[in-house]
Amino acid sequence: MKITLFVPCFVDMCYPNVGVSIVEILERLGHEIEVPEEIACCGQPAFNSGYWEEAKKVAIPVLQRLKNAEVIVIASGSCGAMLKVFYPELFAKTEYELDAIALAEKTYEFSDFLVTKLGNPDLGARFPAKVTFHDGCHGLRELGKKKEPRELLSQVRDLELLEMGEAETCCGFGGTFSAKFPMISTAMGEVKCASAIETGADFIISNDSSCLMHIQGLLNRQGEPIKTLHIAEVLNSRR
Amino acid sequence: MNLNVLQFKSDSERLTHNLDHRERIQSALKKYYVARDDKKARFQDWQAARQAAAETKWEAVNHLDKYLVEFADKIEARGAKVHWASTAEQAREIILGIVKEKNARRIIKSKVMTGEEIHLNAALEAAGYDVVESDLGEYIVQLRHEAPYHFVFPAMHLSRGEISDLFEKELGSAKTDSPEELTMIARRVMRDQYLAADIGISGANFAVAETGMISITENEGNARLTCALPKVHIALMGIEKVLPKFEDLALFLPMLGTAGAGQAVTCYNSMYAGPRQPGETDGPEEMHIVLLDNKRTHLLADIEQRDALHCIRCGACLNVCPIYKNVGGHTYGTTYQGPIGSVITPHLRGIQEWKHLSSASTLCGACTEACPVKINLHHHLLHNRRNAIAQKPVWWEQTLFHLSSILFNHPALWRLAAWGGRIGQLFHPLIQGTILDPARAWTKTRDLPPVADQTFKEYWRSRQK
C-alpha cells in the first residue's frame, strides 16, 4: 500500500523519532511511504482558539495536497481528530466540503491504522518494562479508540501493561489552553502524573505526543524518573 | 481583560494551589463514580436510554410553544395560576407581587436554581422578607452568604468540621463530627420555619404537558414540606423543563437520579398538579407557577446549540469535568457551573463577558460522554469560541495565527524556524521564567521539549538523497 504519512508540526520539530519509528514499522511491513514536504500543520491551534478563517488558511493546502493520497496515516490522535472530525465541520457548506469528507474517510491515526487496516500484525517488538497507557482525549472520544492501542501493546514481548486509575482523565494539555490557563493545566497534569506513578510503571505510553510533551515537561520539573514514549517507539523497539 | 476573566484566573490560580480543596472534591467524586456506574449498569441499555431521552427533549424543546401552553392550560384548569416571565426582573416582580398581596412575612424555599439565576433571595430580603432555604446544602451556603458550589451538591466543598463550626456560630449548637447530628440540628431549625412560613417557593425538575403537573425530586423531604405546608406555593421554573408525556418521567426520573447522584431514583419524587382540591386534606390554598424565559429563547433561536436546552440539571458534566475538579464551583462565578454553565452562560449573560469559560477547557469531551441527554457540550464550547472571535477577534491572536499560517505553508520558513529554535534554546536558560521569556506560561511549571538536532523532515530529506 502507498501510505502518505502526516507528521504534525511539533512531532517533526521535537519528536522526530516518532516519525522515524512509524516509517520503519510500515516499511518493514512492506508498504511504500511518502511524506509531503509542504505540509507542516493541520491547523488545530487556530481552529480550537476560535480562529476558523485562519485555520482554513492552513487546512486548505492540506486538503489539496492530500487529495490524491491513497491512505493517510497521522502520528497523533489529536491531529487525527482534526482531520477526521473537524475538517468536515470546518468546511461544511463550502466548496471543500466533499474533499474534507473524502480526506476524513481515508485518514487513520497510526495505532488505529495498524489494528483496523492492517489487522494488528506481529511487529516482532520487544520492550521489557512496566508501562502504563494514557488515553489522549481526542483519540479516545473523537475517534473512539480505546482498545486498539492496548491490542498493539499486548503483542509486545516482555511488556507489562499496568492500567492507571486516571487513564481516561484529561492530562490538561489542551493546546493553547496549557498557555492560557497554565495553573489549571498544571494541576490536571499533576493528577495524571500521580496516577501513572502510582502504578509503579517505568514508562507512560500514549498515541499522542502532545499530551506526552506536557506530561514529560512536568515530570522533568518534578524530578520524577518515569519516562514518556509514543506507542510507535515502543512498537519499533527490539531491545 | 474584563473583570470576570481576571476573577476567574485569580480564583482558579488560588484554588489549584489548595491541595486540600482539590483532594476533598476529587475523593468525594470518586464515591459518586462508583455509585453512578453501579446504577447505570441497572439500565438495560444506558446508551439507548440517552438516545431516547435526547429525542424526547428534542421533541419538547422544538415544540415548546405547544407543550408549554398545554401544560399551562391543564394546570390552570385545576386552579393554579400560571405567570409568564420574560426576564429575571419580571419574575422577581411577579413573585414579590404575590408575596405582598398575601401580606406574607416569612418565606421558605426548597432548592431552586432558577431562584439563584434571578437573585430571588436578595430581592426578597431587600423588600424586608425573611427567606430560609430548606435544602440542607442550600441552608449551609445561605448561612455562609455564599452561592451554591455545585448545582446538585451546593455545599460539597465543606468538611463536616466546617459545617459544625458554622452551626455553632450561627445556631449556637454544640460541636459534632456526626453527619446525622448535623442534619438533626438543621432539621430542628427547619421544623419551626415550615410551620411559620406563609409562602413556600420551589423549583421544578420537570413539567408534564399531558397532565399539567410539575415533578420535584429530592432526597431530604424538605421540598414536600415547603410545597405542602404554607398556604401559598410558588414554583419557579425555566421554560425548558417541560416534557410531553407523563410516561416520559419513567425514563427521566431514574436517569436524573443515576446521573445526578448515583442513585437508582431520588428518594422523594412528587407530582404537584394544582392547589388543594375540594375534599383533599393537605396542600396549599393557592399555587402559582412562574415560567421563566430569561434568554432561554435566545438559545432556542440558535439551531446549532439549541440542544443545550435539553439539560436536566443533573450535574453529571460537572462531576466528570477535570477543570471543575481542580478549580471548584465558585470560581466560575455563574449560576450554572462546569461545562453546561460554560456553554449556556454566554447565551444568558453575554458572550464577550463570559467567553473565557469556553476557553477554559481542554475540549476533552468527558462532559459530552457523561451527559445523559446527549448535549454536545465540548463541541459547543468550540462553537462559543468561534462565535466570540467572529464577533470580536483579538488582534494579536489573529495576527499570530495569520503569521503561523504563512509559516506552516512555506517549507523554507519552517526549516528556518527549526534552525531558529535550536539557536533560541541555547539562550533560553538565561531568560527562563523571567518576564523576557515568551514561553513563561509554559516554563513556570514545565520543561520545554528541545528542538531535535535533526527534525523528521530533515531525516526524510537525507534519506531521499
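Let us look at the structure shown here. Computed from a prediction, not measured in an experiment: that's the story for all the values here.

Residues and elements named next belong to chain B. The parallel open sheet is built from six strands, whose spatial order is 1-10-7-4-2-3. Two strands lie at the open edges of the sheet, namely strand 1 (81-85) and strand 3 (130-133), each paired on one side alone. Going from strand to strand, the sheet's axes swing by 20° on average, the running direction of each strand aside. Across seven bridges, the pairing between strand 7 (residues 232-238) and strand 10 (residues 286-292) is parallel. Within strand 10, the residue paired with I234 across the bridge is H288.

Here we take up the environment of F173(A). Among the secondary structure elements, F173(A) is positioned in the loop between strand 6 (157-161) and helix 10 (177-180). Judged by relative accessible area, which is 14%, F173(A) ranks as buried. Considered as a pair, F173(A) and G43(A) are 130 residues apart in the sequence and their alpha carbons are 17 Å apart. Leave out the neighbours within four places in its chain, and F173(A) touches S178(A), S185(A), S210(A), C211(A), M213(A), H214(A), T362(B) and W442(B).

We describe a pair of aromatic rings using the distance from one ring centre to the other and the angle between the two ring planes. Residues and elements named next belong to chain B. Under the definition given, this model contains 21 aromatic pairs over all chains. Centre to centre, the rings of F151 and Y336 are 6.0 Å apart; their planes meet at 70°, and the pair counts as edge-to-face. Taken together, the residues F151 in the loop between helix 8 (136-143) and helix 9 (160-171) and Y336 in the loop between helix 15 (322-327) and helix 16 (338-349) connect sequence positions 185 residues apart. Judged by its relative accessible area of 3%, F151 falls in the buried class.

Of note, S49(A) is situated in the loop between helix 3 (44-48) and helix 4 (52-65). The spacing of S49(A) and T176(A) is 127 residues in sequence and 7.3 Å in space, taken between C-alpha atoms. If we skip the residues at most four places from it in the chain, S49(A) touches T176(A), R385(B), I389(B) and F401(B). In this structure the side chain of S49(A) is engaged in a polar contact, spanning 2.8 Å, whose partner is the backbone oxygen of P45(A).

Counting residues at the interface gives 68 residues for chain A and 66 residues for chain B. Carbon and sulfur atoms supply 63% of the area that chain A and chain B bury against each other, a total of about 5,700 Å² over both sides. Per-residue buried area on chain A facing chain B is highest for M13(A), Y51(A) and R221(A); these three make up 13% of the total on that side. Between the two partners, chain A and chain B, sit seven salt bridges. For R463(B), the salt bridge goes to E27(A), with nearest N and O atoms at 2.6 Å.

Looking at chain direction, strand 5 (residues 126-133) of chain A and strand 6 of chain A are connected through four bridges and run parallel. Its bridge partner lying in strand 6 of chain A, A129(A) is registered against L159(A).

Inspection of the entire model under this criterion finds 38 salt bridges over all chains. Among the ionic pairs, D38(B) bridges to R42(B), the shortest N-O distance being 3.9 Å. We classify D38(B) as partly exposed; its relative accessible area is 38%. Assessed through its relative accessible area of 58%, R42(B) is described here as exposed. Residues joined in a network through salt bridges with shared partners are D135(A), K146(A), R150(A), E163(A) and E168(A).

So, on to helix 23 (residues 456-464) of chain B. A turn of α-helix holds 3.6 residues, and therefore any two residues three or four places apart point the same way. Taken together, the buried positions of helix 23 of chain B are occupied by F456(B), K457(B), E458(B), Y459(B) and W460(B). In the core, the buried residues of helix 23 of chain B are packed alongside strand 1 (2-6), helix 1 (9-14), helix 2 (16-28) and strand 2 (32-34) of chain A together with helix 21 (411-431) of chain B.

Our focus in this paragraph is the sheet that holds strand 8 (residues 242-243) of chain B. All names here are of chain B. With mixed pairing, four strands are arranged side by side in an open sheet as 8-5-6-9. In this open sheet, the two strands that pair with only one neighbour each are strand 8 and strand 9 (268-272). Looking at chain direction, strand 5 (residues 206-208) and strand 6 (residues 213-218) are connected through three bridges and run antiparallel. Looking at the pairing, A207 lines up with I214 of strand 6.

At N120(A), a residue that is not glycine, the phi angle is positive and equals roughly 50°. Along the polypeptide, N120(A) turns up in the loop between helix 7 (110-117) and strand 5. Residue N120(A) is classed as buried on the basis of its relative accessible area, which comes to 14%. Here K374(B), not a glycine, exhibits a phi torsion of approximately 60°, which is positive. Mapped onto the secondary structure, K374(B) falls in the loop between helix 18 (366-370) and helix 19 (377-391). Given the relative accessible area of 35%, K374(B) is considered partly exposed.

Residue and element names in this part refer to chain B. Residues L403, I406, L413, L416, W419, I423, L426, F427 and L430 make up a contiguous nonpolar surface patch of about 940 Å² in total accessible area. Among the secondary structure elements, those contributing two or more residues to the nonpolar patch are helix 20 (395-409) and helix 21. Top contributing element to the nonpolar patch by residue count: helix 21, with seven residues. With respect to the element layout, L430 can be found in helix 21. When its relative accessible area of 68% is taken as the criterion, L430 is described as exposed.

Right, let's get into empty space enclosed by the protein. Empty pockets left among the atoms are what a rolling probe the size of a water molecule brings to light. Residues and elements named next belong to chain B. Evaluated as defined, the whole model comprises eight cavities of 30 Å³ or more. One number sums up the size of the largest cavity: a volume of about 140 Å³. Looking at the largest cavity, it is lined by 19 residues, and the ones nearest its centre are C321, I323, P339, S361 and L381. Per-element tally for the lining of the largest cavity: the top contributor is helix 16, with three residues. Residues of the lining of the largest cavity, tallied by class, amount to 13 nonpolar, six polar and no charged.

It is worth spelling out the side chain of K56(A) at this point. Along the chain, the position of K56(A) falls in helix 4. Excluding its chain neighbours within four sequence positions, the residues that come into contact with K56(A) are P61(A), L90(A), F91(A) and T94(A).

The next point concerns the state of the cysteines. Under the defined criterion, the tally for this structure stands at zero disulfides over all chains. No disulfide involves C41(A); its sulfur sits 3.9 Å from the nearest other cysteine sulfur, which is in C9(A).

Quick look at the pairing of strand 4 (residues 199-202) of chain B now. All names here are of chain B. The side-chain alternation of strand 4 yields two buried faces, one formed by I199 and I201 and the other by G200 and S202. One ladder, built from four bridges, connects strand 4 with strand 7; its direction is parallel. Residue pairing in the sheet places I199 in a bridge with V232 of strand 7.

Rules behind the numbers
Residues numbered from 1 in each chain as written. Chains lettered and ligands numbered in written order. Predicted model: local features only at pLDDT ≥ 70, side-chain atom pairs only at ≥ 80, totals over all residues. Heavy atoms only, no water. Pairing = 2+ DSSP bridges. Helix = DSSP H or I, 4+ residues; strand = E, 2+ residues; numbered from the N terminus. Axes fitted to C-alpha atoms, helices over the stretch in contact; angles between N-to-C directions. Buried < 20%, exposed > 50% of the residue type's maximum accessible area, 1.4 Å probe, protein only. Contact = heavy atoms within 4.5 Å. Phe/Tyr/Trp six-rings, centres within 6.5 Å; stacked < 30°, edge-to-face > 60°. Polar contact = N/O pair within 3.5 Å; in protein donor to acceptor, adjacent residues only side chain to side chain. Buried area = accessible area lost by both parts, 1.4 Å probe. Salt bridge = Lys/Arg side-chain N within 4 Å of Asp/Glu carboxyl O. Patch = residues over 30% accessible without salt bridge, like charges linked within 9 Å, V, L, I, M, F, W, Y side chains within 5 Å. Areas by Shrake-Rupley, 256 points an atom, 1.4 Å probe, with all protein chains shown as cover. 1 Å grid on protein atoms, 1.4 Å probe; cavity = no way out; pocket = protein on both sides within 12 Å on 5 of 7 lines; lining within 4 Å. Points joined across faces, edges and corners; volume = space filled by probe spheres on them. Nonpolar A, V, L, I, M, F, W, Y, C, P; charged D, E, K, R; others polar. Disulfide = S-S within 2.5 Å.

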